[in-house]
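# Structural characterization, general
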Amino acid sequence: MDRAIAWVVLALVTAVPALLLAVTQQTSCADAAPGEATSSCTSGPLLGVTGSWIAGVVAAAVVVVAVAQVVRAVRDGRAAQD
C-alpha cells in the first residue's frame, strides 16, 4: 500500500504545479511617450502557449502512469491477502 501512496503523491506533486503554471497569466505593458502613440498591453500564459501544452501533456502522462501503478499496487495487495 505504501507504493500506491507514493504514486498518488508523485501524481499530485507533478499535476498541481503544472496546472498552476499553465493557468497563471503574465501581463506586460509598454507605455508610449507622452503625446506619441498609445500604450499597449499583452497577456498570456506564464510558460507561453507551447510551454503550457508541454507541461499539461507531461503532467497528464505522469498522472496516467501513476493511476495505472496505483491500480496495480492495490490489486497486488489484495492478491497477497488471499
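Residues numbered from 1 in each chain as written. Predicted model: local features only at pLDDT ≥ 70, side-chain atom pairs only at ≥ 80, totals over all residues. Heavy atoms only, no water.

Take the state of the cysteines next. Should the sulfur atoms of two cysteines be covalently bonded, the bond is a disulfide. The tally for this structure, following the rule as stated, stands at 1 disulfide. The disulfide that involves Cys-29 links it to Cys-41, with 2.0 Å between the sulfurs. On the sign convention where negative means left-handed, the S-S torsion of about 110° between Cys-29 and Cys-41 marks this disulfide as right-handed. One end of the pair, Cys-29, is in strand E1 (residues 25-30); the other, Cys-41, is in strand E2 (residues 40-45), with 12 residues separating them in the sequence. (Disulfide = S-S within 2.5 Å. Helix = DSSP H or I, 4+ residues; strand = E, 2+ residues; numbered from the N terminus.)

Before going further, it helps to examine the side chain of Ser-52. For Ser-52, the location among the structural elements is in helix H2 (residues 48-81). The class for Ser-52 is buried, based on a relative accessible area of 12%. The residues touching Ser-52, leaving out its near neighbours within four places in the chain, are Leu-21, Ala-22, Pro-45 and Leu-47. (Buried < 20%, exposed > 50% of the residue type's maximum accessible area, 1.4 Å probe, protein only. Contact = heavy atoms within 4.5 Å.)

Attention shifts here to a nonpolar patch on the surface. Where nonpolar side chains cluster on the molecular surface, the patch consists of Val-8, Leu-12, Val-16, Leu-19, Leu-20 and Val-23 and spans about 550 Å² of accessible area. You can see Val-16 is positioned in helix H1 (residues 2-23). The class of Val-16 is partly exposed, set by a relative accessible area of 42%. (Patch = residues over 30% accessible without salt bridge, like charges linked within 9 Å, V, L, I, M, F, W, Y side chains within 5 Å. Areas by Shrake-Rupley, 256 points an atom, 1.4 Å probe, with all protein chains shown as cover. Salt bridge = Lys/Arg side-chain N within 4 Å of Asp/Glu carboxyl O.)

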